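# Overview (structure and organization)
So the chains spell out like this:
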Amino acid sequence: MVQKVEKVYEGKAKILYTTDDPDLVIQYFKDDATAFNAAKKGTVGQKGIMNNKISTKIFEFLASKGIPNHFEKHLSDREMLVKKVEIVGVEVIIRNRAAGSLCRLLGVEEGRKIDTPILEFCYKRDDLGDPLINEGHIQMLGIATPEEVATIKKYTLAINDLMGKFFDNLGLELIDFKLEFGRYKGEIILADEISPDTCRLWEKGTGKKLDKDRFRHDLGNIAEAYQEVLDRVST
Ligand code: TMP
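What follows concerns the overall build of the chain. Helix and strand counts for the chain stand at six helices and 14 strands. Its C-alpha atoms give the chain a radius of gyration of 17 Å, near enough to 18 Å, the size a compact globule of 235 residues would have. Here the chain, with 235 residues, has 52% of them falling under the buried criterion. Look at the contacts in the chain between residues 6 or more apart in sequence, and 56% of them connect residues 24 or more apart.

If you want it as structure tokens, here you go:
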């Protein structure tokens, strides 16, 4: 059993602790929620527990399909043991229908179907508001090599296919999501979390939003929506 050693990082929704194993860290899931680059702040009761369980299910599913990821073990309600990676400094977003910042960027209506999924990169810089960037910017800034970017794109498209079918079988449509990748022993692997904080999920048939947009836009029943996703992924 690994021992927790010390807190090394606290983000908006998670805390990282080192362990007595130099290759492993503990990811602790908080109930805190932020939106619009932390302009809006709040908490959602039991969100950390639900996101830890939902992420666990999805990481296990993706690993079973050959997508390397940092997940090692679900340790407790709010703690997940993960491989210690060096995070690649971009957020990778993939979109199957227009929502959120894409609607604001292009002036298109929410829900418009995107036939060829759109892959976006955002530079992880809170002070700049995580701007949308392209592969030229990634090279210029030295964020990742062209080979690493190719690997990230390949995994992201494969994950979109796998997760799209996974959620479709549970009666949910995967509208878009955000991934983060890390370097572990020279390889690119999937890291961070996959949860209703980082995905948009709409109930098939009704279009009911079961994700963080309920918090972002004050739609109410936020914890109930996360619980609904957890119940479905647990079946
Ligand atoms: P966006 O439409 O606000 O750009 O969000 C696209 C997807 O990425 C959506 O599923 C929410 C997720 N996301 C995060 O996980 N973290 C973030 O900081 C942002 C801006 C979006």
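On to helix α6 (residues 222-233), then. With twelve residues, α6 ought to run about 16 Å at 1.5 Å a step, and its terminal C-alpha atoms sit 17 Å apart, in line with that. Every buried residue belonging to α6 is among I222, A225, Y226, V229, L230, R232 and V233, and all of these are buried. One face of α6 carries all of its buried residues, which in axial projection span an arc of 165°. Looking at the buried side of α6, the elements it contacts are α1 (47-64), α4 (146-169), β12 (172-184), β14 (199-203) and α5 (213-216).

Strand β2 (residues 14-19) sits mainly inside the fold: five of its six residues count as buried. With four bridges connecting them, strand β1 (residues 4-10) and β2 associate as antiparallel partners. Paired with E10 across the bridge in β2 is I15. Inspection of the sheet shows β2 paired to strand β3 (residues 24-29) by five bridges, in the antiparallel sense. Looking across to β3, one finds that K14 is bridged to F29. Taken together, β2 and the strand that follows it, β3, pair antiparallel across an intervening segment of four residues.

A separate point is the site of the ligand. Near the ligand, the surroundings consist of 14 residues, among which R95, S101, D176, K178 and R200 are the closest. Between the ligand and the protein, one listed contact pairs an oxygen atom with a side-chain N or O atom of S101 at 2.5 Å. Note that an oxygen atom of the ligand is positioned 3.4 Å from one of the backbone N or O atoms of T198. Within the complex, the protein chains bury 80% of what would otherwise be the 450 Å² of accessible surface of the ligand. Only β9 (90-97), α2 (100-106), β12 and β14 provide two or more residues apiece to the shell around the ligand. A breakdown of the residues in the shell around the ligand according to their chemical character gives four nonpolar, three polar and seven charged.

Next up on the list: the packing of α1 against α4. At a minimum axis distance of 11 Å, the contact between α1 and α4 shows a crossing angle of 120°. In terms of axis orientation, α1 runs oblique to α4. For the element pair α1 and α4, the recorded crossing hand is right-handed. Counted together, I58, F61 and L62 of α1 and I159, L162, M163, F166 and F167 of α4 form the full contact between these two elements. Tallied by class, the residues present in the contact of α1 with α4 amount to eight nonpolar, no polar and no charged.

Formed by 51 residues in total, the largest nonpolar core has its most connected members in L62, I159, M163, F167, F181 and I194. In this view, F167 contacts I58, L172, L174, L201 and V233; residues no more than four positions away in its chain are not counted.

This part is about the packing of α1 against α6. Between α1 and α6, the shortest axis-to-axis distance is 10 Å and the interhelical angle comes to 30°. In this view, α1 runs roughly parallel relative to α6, as classed from their interaxial angle. As for how α1 packs across α6, the hand of that crossing is left-handed. Of the residues in α6, those touching α1 at K47, M50, N51, K53, I54 and K57 are A223, Y226, Q227, V229, L230 and V233. A class-by-class count of the residues in the contact of α1 with α6 yields seven nonpolar, two polar and three charged.

Definitions and cut-offs
Residues numbered from 1 in each chain as written. Predicted model: local features only at pLDDT ≥ 70, side-chain atom pairs only at ≥ 80, totals over all residues. Heavy atoms only, no water. Helix = DSSP H or I, 4+ residues; strand = E, 2+ residues; numbered from the N terminus. Rg over C-alpha atoms; globule rule 2.2 N^0.38 Å. Buried < 20%, exposed > 50% of the residue type's maximum accessible area, 1.4 Å probe, protein only. Contact = heavy atoms within 4.5 Å. Expected span 1.5 Å × (residues − 1). Arc of directions from axis to C-beta. Pairing = 2+ DSSP bridges. Near = heavy atom within 4 Å. Polar contact = N/O pair within 3.5 Å; in protein donor to acceptor, adjacent residues only side chain to side chain. Areas by Shrake-Rupley, 256 points an atom, 1.4 Å probe, with all protein chains shown as cover. Nonpolar A, V, L, I, M, F, W, Y, C, P; charged D, E, K, R; others polar. Axes fitted to C-alpha atoms, helices over the stretch in contact; angles between N-to-C directions. Parallel < 35°, antiparallel > 145°, perpendicular 65-115°, else oblique. Left-handed = near helix turned anticlockwise from the far one by under 90°. Core = buried A, V, L, I, M, F, W, Y, C linked by side-chain atoms within 4.5 Å.

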